[in-house]
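Observations on chain architecture
Here's the letter readout for the chains.
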Amino acid sequence: MDYKMKEKTITKPKKIYKKNAGITGAEALILSLIEENVETIFGYPGGAIMPIYDALYDYRDKINHILVRHEQGAVHAAQGYARVSGKPGVCFATSGPGATNLITGIADAQIDSTPLVCITGQVSSHLLGTDAFQETDVVGISMPVTKWNCQVTKAEEIPEAVAKAFFIAKTGRPGPVLIDITKDAQFGNLEFRYEKCGKIRSYIPFPKFNPESVESASKLINNAKQPLILAGQGVLLSGAKEELKTFSEKTGIPVACTLLGLSSFPVNHPLYAGMLGMHGNYSPNILTNQSDVIIAIGMRFDDRVTGNLGKYARQAKIIHIEIDPAEINKNVKVDVAINSDAKEALKALIPLAKKNSHAEWLQKFDEGNKLEFEKVGRNELHPGSGKLKMAEAIRIISEKTNGNAVIVSDVGQHQMVTSRYFNYKDESFNVTSGGLGTMGFALPAALGAKTAAPNKQVIAIIGDGGFQMTLQELGTIAQTKAAVKIVILNNNFLGMVRQWQEMFFEKRYSFTEMTNPDFVAVAKGFGINAKKVTERSLLENSITEMLKHKEAFLLEVVVEKEGNVFPMIPTGASVSEIRLE
């Protein structure tokens, strides 16, 4: 459609854009982003993307640009923004090292189904393939880790490329896309027209499920004696939280969540069964191998959930609701496949499901929970003496926020502890790096999350190792005045690696102990208030102080150096071989 400007114009300093006037490719890009309702861009300028930044200068009243301190910070911030807002996150980077610095975050977004639109500048088209200054084949490099990518060499190609990028990124199973734009395309002229994309030949983002599959699934569910729902991030991505709750309550089936599925079902609900996975809860893991029917919704049966595939749920009939056909029967052979959006599938299943309850089955979960609390939880959550533990800090944060904050965790022991002990409620968000396990994710992702939800409490939980990978983004947080709360759980170790070295490598702590900087001084150097806690008696008041502070605040909590996270499923073991100590 034409870019509609009959009743209003976009006012910019010194000039006015008029309908269908000849403009540069760089300006066409910005106008295309405005058409897609982009409000925030995270980026870092450079030579090959400079024309785009010059065009953006005139649209500062339309789009908020956040200058990060490293391109990896830009892509992780865009991820945090996307995970909380539900809209594609957008980031800019220049060619060469700028573009390659995005790759880790793009790979992270691909495996965790996060919609991103990444725009990179590129050398002029006549220089492609000549090893020109700051030239890299970012299209080739990013191809394995993007849902779609393209290179634009002509200005008139830009609007269509942007339209396709947004359509692909946010439909079906979401994911990252990348548009690489040569410098001459940015300088080139075109008559601007923009038409949103609603269809691409051979791309079917929302497959229609077979009604017979839904009926077959309902029969298995209605006859099940020990059924279990496995809820993944697909529940959140499809907006199916209410449908999941209705389905669970009607059928009486307990719900266990994957790491990225946390917050899809309230932790305080009587049918919540706990977290799945290597460091998940005891009951849902061990009872997976006793369930007769498993309903997997929007999850992909990754190895951290299944453990040894040869010993995984061999006794169960498995129903898999999944929008991406490539994930069905990839790791686990299923009995009924429903290739569909989770929300639509649940809407179809609910009327066919019989009202039911499974009191004896639920009792087994209660018994397992009590055993886990006695063996692990009591001492972790309420130690009373000795060094501070990660879990007690998370417990207090959960209590003080009533389980309704945006929790952004990094990767490591603190991530597992946070996932286990924060009581996610209806209004909470769990934002973390799941499939790729990217250290350094949390700090910039928390900035992005806070940008998307400025009125919510956003708390980054980070280990001392991961924090030092992207701590430069404290500068971005300070400059944007984003009131992010940052908690460093500091054990002076690369804790998860150290735990494995203790358990499986005879305590040979090979290069995992860390000599850390003064984190409080570092934060204050960026102009951010900070505090260090080493005593249990000061922990609760310090957390309260942090949460009440109206600006960004960093709280360093010094915890025991050699604490371990249990339960744990050793690598190669069955889920029923989960260890409590």
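First, a word on scope: everything that follows refers to the structure included in this document. (Residues numbered from 1 in each chain as written. Predicted model: local features only at pLDDT ≥ 70, side-chain atom pairs only at ≥ 80, totals over all residues. Heavy atoms only, no water.)

**Topic: the overall build of the chain**
Definition in use: Secondary structure elements follow DSSP: runs of H or I of four or more residues count as helices, runs of E of two or more count as strands, with numbering from the N terminus. All radius of gyration figures rest on C-alpha atoms, and the globule criterion is 2.2 Å times the number of residues raised to 0.38. Partly exposed describes any residue whose relative accessible area lies between the buried limit of under 20% and the exposed limit of over 50%, with all areas from a 1.4 Å probe on protein chains only and scaled to the type maximum. Note on contacts: a residue pair qualifies if any of its non-hydrogen atoms lie within 4.5 Å across the two residues.
Each helix and strand counted, the chain has 23 helices and 22 strands in total. For 581 residues, the compact-globule estimate of 2.2 N^0.38 gives 25 Å, and the C-alpha radius of gyration of the chain, at 25 Å, lies within 12% of that figure. Put simply, the chain has 581 residues, and 60% of those count as buried. Counting contacts in the chain only where the partners sit at least 6 residues apart, residues at least 24 apart contribute 75% of the total.

**Some thoughts on the nonpolar core**
Filter applied, for reference: To form a nonpolar core, buried Ala, Val, Leu, Ile, Met, Phe, Trp, Tyr and Cys residues must be joined to one another through side-chain atoms within 4.5 Å.
Counting residues in hydrophobic clusters, the biggest one holds 94 residues, and the most contacted among them are Leu230, Leu244, Ile295 and Ile297. Once residues within four sequence positions are removed from consideration, Ile295 is found in contact with Ile221, Pro227, Leu228, Ile229, Leu230, Ile253, Ile319 and Ile321. Counting residues in each nonpolar core, the second largest holds 51 residues, with Ala78, Leu116, Leu178 and Ile462 among its members.

**Observations regarding a negative patch on the surface**
Using the following cut-off: Each patch is built from residues lacking any salt bridge and having more than 30% relative accessible area; the joining distance is 9 Å for like charges and 5 Å for nonpolar side chains (Val, Leu, Ile, Met, Phe, Trp, Tyr). For the accessible areas, the method is Shrake-Rupley and the probe is 1.4 Å, while residue cover comes only from the protein chains on display. The term salt bridge refers to a side-chain nitrogen of Lys or Arg lying within 4 Å of a carboxyl oxygen of Asp or Glu. Working convention for charge: Lys and Arg count positive, Asp and Glu count negative, and His plus the chain ends are omitted. Working definition for charges: the position is that of NZ of Lys, CZ of Arg, CG of Asp or CD of Glu.
A grouping of Glu242, Glu249, Asp426 and Glu427 is seen on the molecular surface, where their side chains present a negatively charged patch. Here Glu249 is to be found in helix H11 (residues 241-251). Since its relative accessible area comes to 36%, Glu249 is described here as partly exposed.

**A closer look at the pairing of strand E16 (residues 336-339)**
Note the following rule: In short, DSSP must find at least two bridges between two strands for them to pair.
Burial along E16 is one-sided: the face carrying Val336 and Ile338 is buried and the face carrying Ala337 and Asn339 is not. Inspection of the sheet shows strand E15 (residues 317-322) paired to E16 by four bridges, in the parallel sense. What sits directly across from Ile321, in E16, is Ile338.

**As for the packing of aromatic side chains**
The condition that has to hold: Aromatic rings from Phe, Tyr and Trp, taking only the six-membered ring of Trp, are treated as a pair when their centres fall within 6.5 Å; an angle between ring planes under 30 degrees marks them as stacked, one over 60 as edge-to-face, and anything in between as tilted. Ring-over charges, as used throughout, are those where CZ of Arg or NZ of Lys falls within 6 Å of the ring centre and within 35 degrees of the ring normal.
Going through the model one piece at a time under the given rule, you end up with 10 aromatic pairs. Geometrically, the ring pair formed by Tyr53 and Phe92 is edge-to-face, given 5.8 Å between the ring centres and 80° between the ring planes. Taken together, the residues Tyr53 in helix H2 (residues 50-57) and Phe92 in strand E6 (residues 89-93) connect sequence positions 39 residues apart. Here Tyr53 matches Phe92 in class, with each residue buried. On the basis of an interplanar angle of 75° and a centroid distance of 6.0 Å, the ring pair of Phe301 and Tyr312 is categorised as edge-to-face. Of this pair, Phe301 sits in the loop between strand E14 (293-297) and helix H13 (303-306) while Tyr312 sits in the loop between H13 and E15, and the two are 11 residues apart along the sequence. For Tyr312, a relative accessible area of 4% corresponds to the buried category. The ring of Tyr57 has Arg60 lying over it, and the distance from NZ or CZ to the ring centre is 3.7 Å. Arg498 extends its terminal NZ or CZ atom over the ring of Phe493, reaching a point 5.8 Å from the ring centre.

**Digging into unusual backbone geometry**
Going from Phe566 to Pro567, the amide bond is cis rather than trans, its omega being 0°. As for its position among the elements, Pro567 is in the segment after strand E22 (553-558). A positive phi angle is found at Ser263, which is not glycine, with a value near 85°. By the secondary structure assignment, Ser263 is in the loop between strand E12 (255-257) and strand E13 (272-275). Taking relative accessible area as the criterion, Ser263 reaches 4% and is therefore assigned buried. With phi around 45°, Ala313 is a residue other than glycine that occupies positive phi space. Along the chain, Ala313 turns up in the loop between H13 and E15.

**Considering the pairing of E22**
Note the cut-off: Convention used here: a crossover is right-handed provided that the path from the first strand, over the helix, to the second strand proceeds clockwise when the strands point away from the viewer.
Along E22, five of the six residues are buried, which leaves the element largely enclosed by surrounding structure. Sheet topology note: the strand E20 (residues 485-490)/E22 ladder contains six bridges and is parallel. Opposite Ile488, over in E22, you have Glu556 as the bridge partner. Of the pairings in the sheet, the one linking strand E21 (residues 529-533) to E22 comprises five bridges and is parallel in character. Each residue of the ladder has a partner; that of Ala530, found in E22, is Leu554. One crossover worth recording links E21 to the parallel E22 by way of helix H23 (residues 536-548), and it is right-handed.

**Quick word on the sheet that holds strand E8 (residues 148-152)**
The criterion, for reference: Lines fitted to C-alpha atoms define the axes here, with helix axes fitted over just the stretch in contact, and angles between the N-to-C directions of these axes take values from 0 to 180 degrees.
A sheet is described by the order of its strands in space; here six strands give the open sequence E5-E4-E6-E7-E9-E8, paired in parallel fashion. Each end of this open sheet is capped by a strand with a single partner; those strands are strand E5 (64-67) and E8. Direction aside, neighbouring strands of the sheet carry axes that sit 20° apart on average. Contacts between helix H1 (residues 25-35) and the sheet are confined to strand E4 (40-43), E6, strand E7 (116-122) and strand E9 (176-182), with E6 contributing the most and set at about 165° to the helix. Across the sheet, helix H3 (residues 71-85) lies against E4, E6 and E7, angled at about 170° from E6, the strand it touches most.

**A short note on the side chain of Asn490**
This is how the line gets drawn: By the criterion applied in these results, polar contacts are pairs of N or O atoms within 3.5 Å in which, for protein atoms, one can donate a hydrogen and the other can accept it, and in which residues neighboring in sequence qualify only through two side-chain atoms.
Examined against the element boundaries, Asn490 turns out to sit in strand E20. There is a polar contact of 2.9 Å between the side chain of Asn490 and the side chain of Glu556. Each residue touching Asn490, except ones within four places of it in the same chain, is listed here: Asp464, Asn516, Phe519, Glu556, Val557, Val558 and Val559.

**Describing the packing of H11 against helix H14 (residues 342-352)**
The criterion, for reference: Just so you know how the angles are binned, under 35 degrees is roughly parallel, over 145 roughly antiparallel, 65 to 115 roughly perpendicular, and the rest oblique. Put simply, a crossing is left-handed when the front helix is turned counterclockwise from the back one by less than a right angle, and right-handed when it is turned clockwise.
Where H11 contacts H14, the axes come no closer than 9 Å and their chain directions differ by 25°. As judged from the angle between their axes, H11 and H14 are roughly parallel. Note that H11 runs across H14; the crossing there is left-handed. Contacts from Glu243, Leu244, Thr246, Phe247 and Lys250 in H11 reach Lys343, Leu346, Lys347, Leu349, Ile350 and Pro351 in H14.

**Focus: the pattern of salt bridges**
Following the criterion strictly, the structure yields 16 salt bridges and no others. A salt bridge links Glu39 to Lys87, with the nearest nitrogen and oxygen atoms 3.7 Å apart. Linking Glu39 in the loop between H1 and E4 with Lys87 in the loop between H3 and E6, this pair joins segments that are 48 residues apart in sequence. What makes Lys87 partly exposed here is its relative accessible area of 31%.

**Focus on H11**
Residues spaced three or four apart along an α-helix point in a common direction, a consequence of the helix completing one turn every 3.6 residues. Definition in use: Taking the helix axis as origin, the arc is that swept by the directions to the C-beta atoms.
Among all positions in H11, only Glu243, Leu244, Phe247, Ser248 and Thr251 are buried. Along the axis of H11, the buried residues cluster in a sector spanning 130°; they form a single face. Looking at the buried side of H11, the elements it contacts are helix H9 (211-223), strand E11 (227-231), helix H10 (233-237), E12, E14 and H14. Backbone geometry just after H11 places Gly252 at a positive phi near 75°.

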